[in-house]
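Architecture at a glance
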Amino acid sequence: MNLVLMGLPGAGKGTQADLIIKDFNIPHISTGDIFRAAIKNQTEMGKKAKSYIDAGNLVPDEVVNGIVAERLAQDDTTKGFMLDGFPRNLVQAKALNKMLEDDGRQLDAVINIHVAPDVLVDRLSARFMCKNCGASYNRLYHKPKVEGTCDVCGGHEFFQRDDDKPATVKNRLDVNIKLNTPLVDFYKNQGILHNINGEQSIEDVYKDVREVLVNL
Ligand code: AP5
Ligand code: ZN
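A few points on the structure. (Residues numbered from 1 in each chain as written. Chains lettered and ligands numbered in written order. Predicted model: local features only at pLDDT ≥ 70, side-chain atom pairs only at ≥ 80, totals over all residues. Heavy atoms only, no water.)

1. Structural notes on the coordination of the zinc ion (ligand 2)
Selection criterion: Excluding water, the donors of a metal are its N, O and S neighbours within 2.8 Å, or within 3.2 Å for Na, K and Ca, and that exclusion means sites may look incomplete. Only four donors with every angle between 85 and 135 degrees are called tetrahedral; only four or six donors with opposite donors over 155 degrees apart and all others between 65 and 115 are called square planar or octahedral, in that order; all others are irregular. Here a helix means four or more residues in a row that DSSP labels H or I, a strand means two or more in a row labelled E, and each is numbered from the N terminus. The classification of residues rests on relative accessible area computed with a 1.4 Å probe and restricted to protein chains. Under 20% of the type maximum is buried, over 50% is exposed, and intermediate values are partly exposed.
Those donors, Cys130 (SG), Cys133 (SG), Cys150 (SG) and Cys153 (SG), are the protein atoms that reach the zinc ion (ligand 2), and they lie 2.3 to 2.4 Å from it. Seen from the zinc ion (ligand 2), its 4 donor atoms lie at angles of 100 to 114°, and the figure they make is tetrahedral. One chain supplies every donor to the zinc ion (ligand 2), and in sequence these donors are spaced C-x2-C-x16-C-x2-C. Linking cysteine 133 in the loop between β5 (127-130) and β6 (136-138) with cysteine 153 in the loop between β6 and β7 (158-159), this pair joins segments that are 20 residues apart in sequence. On the basis of relative accessible area, cysteine 133 is assigned to the partly exposed category, the value being 36%. By relative accessible area, cysteine 153 is classed as partly exposed at 33%.

2. Quick notes on the environment of histidine 156
Heads up, the condition is: In the analysis that follows, any N or O atom pair within 3.5 Å is treated as a polar contact, provided that within protein one partner can donate a hydrogen and the other can accept it, and provided that, for residues neighboring in sequence, both atoms belong to side chains.
When you line up the elements, histidine 156 lands in the loop between β6 and β7. Judged by relative accessible area, which is 57%, histidine 156 ranks as exposed. Along the chain, histidine 156 and asparagine 57 lie 99 residues apart, while their C-alpha atoms are 31 Å from each other. For histidine 156, the side chain forms a polar contact with the main-chain oxygen of glycine 148, separated by 3.0 Å. Separated by 3.4 Å, the side chains of histidine 156 and threonine 149 make a polar contact.

3. Looking at the packing of helix α1 (residues 13-23) against helix α8 (residues 202-214)
How we decide: Here an angle of 0 to 180 degrees is reported between the N-to-C directions of two axes, which are lines fitted to C-alpha atoms, with helices fitted over the stretch in contact. Any angle that falls under 35 degrees is termed roughly parallel, while one over 145 is termed roughly antiparallel, one within 65 to 115 roughly perpendicular, and all others oblique. Crossings are classed by handedness, with left-handed meaning an anticlockwise turn of the near helix from the far one by less than a right angle and right-handed meaning a clockwise turn. What makes two residues a contact is simply this: any of their non-hydrogen atoms within 4.5 Å.
Running from amino to carboxyl end, α1 crosses α8 at an angle of 50°, the nearest separation of the two axes being 10 Å. Considering their axes alone, α1 and α8 lie oblique with respect to each other. You can see that α1 and α8 cross each other, and the crossing is right-handed. Facing α1, whose interface residues are Thr15, Gln16, Leu19, Ile20 and Asp23, α8 presents Ile202, Val205, Tyr206, Val209, Arg210 and Leu213.

4. Some thoughts on the pattern of salt bridges
Note the threshold: Whenever Lys or Arg places a side-chain nitrogen within 4 Å of a carboxyl oxygen from Asp or Glu, that contact is recorded as a salt bridge.
On inspection of all chains with the given rule, the structure shows 15 salt bridges. One salt bridge connects aspartate 103 with arginine 105, and the closest N-O pair in it is separated by 3.0 Å. Given the relative accessible area of 48%, aspartate 103 is considered partly exposed. With a shortest N-O distance of 3.2 Å, lysine 165 and aspartate 162 are connected by a salt bridge. Three or more residues joined by partner-sharing salt bridges are found here, namely Arg127, Arg161, Asp163, Asp164 and Arg172.

5. A look at the pairing of strand β4 (residues 109-114)
Keep this limit in mind: Whether two strands pair depends on DSSP finding at least two bridges between them.
Where burial is concerned, most of β4 is hidden: 5 out of the 6 residues are buried. Direction of pairing for β4 relative to strand β8 (residues 193-197): parallel, over a ladder of 5 bridges. Looking at β8, one finds that isoleucine 111 is bridged to histidine 194.

6. A look at the side chain of asparagine 2
With respect to the element layout, asparagine 2 can be found in strand β1 (residues 2-6). The contacts of asparagine 2, once residues within four sequence positions are left out, are Gly80, Phe81, Arg105, Gln106, Leu107, Asp108 and Ala109.

7. Details of the site of ligand 1
This is how it is decided: Residues are counted as near a molecule or strand when any one of their heavy atoms sits within 4 Å of it. Accessible surface area values rest on a Shrake-Rupley calculation with a 1.4 Å probe, where residue burial reflects the displayed protein chains alone.
In the vicinity of ligand 1 lie 37 residues, with Thr15, Asn57, Arg88, Arg127 and Arg172 positioned nearest. Residue arginine 127 places a side-chain N or O atom 2.6 Å away from an oxygen atom belonging to ligand 1. In the complex, 97% of the free accessible area of ligand 1, which totals 1,000 Å², lies under the protein chains. Mapped by element, the contributors of at least two residues to the shell around ligand 1 are α1, α2 (31-40), α6 (117-125), β6 and α8.

8. What to know about α8
Side chains of residues three or four places apart in an α-helix project in the same direction, reflecting 3.6 residues per turn. The test is simple: The span you would expect from a helix comes to 1.5 Å times its residue count less one. Summarising the geometry, the arc corresponds to the directions from the helix axis toward the C-beta atoms.
Here α8 spans 18 Å end to end across 13 residues, near enough to the 18 Å set by a 1.5 Å rise per residue. Among all positions in α8, only Val205, Tyr206, Val209, Val212 and Leu213 are buried. On an axial view of α8, the arc spanned by its buried residues comes to 120°, and they lie on one face. More than 90 degrees from the buried face of α8, the exposed residues found are Glu203, Lys207 and Glu211.

9. Some details on the sheet that holds strand β2 (residues 28-30)
Taken in spatial order, the 5 strands of this open sheet run β2-β3-β1-β4-β8, and their pairing is parallel. Looking at strand neighbours, the two that pair on one side only are β2 and β8, the edges of this open sheet. Pairwise comparison of adjacent strand axes, ignoring direction, gives a mean angle of 20° for this sheet. Against the sheet, α1 contacts β1, β2, β3 (81-84) and β4, and its axis sits at roughly 170° relative to β3.

As structure tokens, this is what we get:
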């Protein structure tokens, strides 16, 4: 199963990805996570990406495409994969098609999680992450089961992503909203787009996602 998970910032890609990988044994490839790990490890690529991410802009296509090509060349992707946050524009979508075609592969489905932009501003400003394992929570919608303790690792320290601060959120949304429609149309024309209503509880969104995946 070769999947793309798309949606505006905060639509719930990461949240749904965590649920998908528990059910379907495929690697989760999040370009955002790859960049955050590179920033943390202060690699050359991380240093380059940081200025774009902190401003809410996209990292240049040639950098992202290179990273994804390298990741998709790894053996664990031959039985399937789930891309999260890639592609984000037509240049990346076409590059992805080419990478897969060259390898005799193709996408089976693009899951597009749709949430109205005003809801996203609230979600992003209320998001916080576990400092130890990176698990994502939300002050309004998804609190840890025990207050102050991470459900996943038991950690007690949390932080807010730099790009969730109000000044960056607006630009992140503007940049992505502009690119979203052509990307949706591109996959609609290929007949592999599945629109999911992301304005439901996390569990109900997943029910809809799962329904698509089991019927592929
Ligand atoms: P990335 O990390 O991919 O950020 P993003 O696309 O902005 O998406 P998010 O991770 O913010 O949101 P999400 O959709 O995963 O939502 P989540 O599940 O956390 O990328 C970061 C940056 O890296 C980009 O801005 C760019 O600079 C760069 N980058 C990455 N990929 C790139 C590419 N291909 N090209 C160029 N640059 C690239 O949910 C959000 C919150 O809402 C959470 O608190 C969650 O608990 C809550 N929530 C989730 N679902 C629900 C629900 N159903 N109801 C209520 N709350 C919910
Ligand atoms: Zn944790």
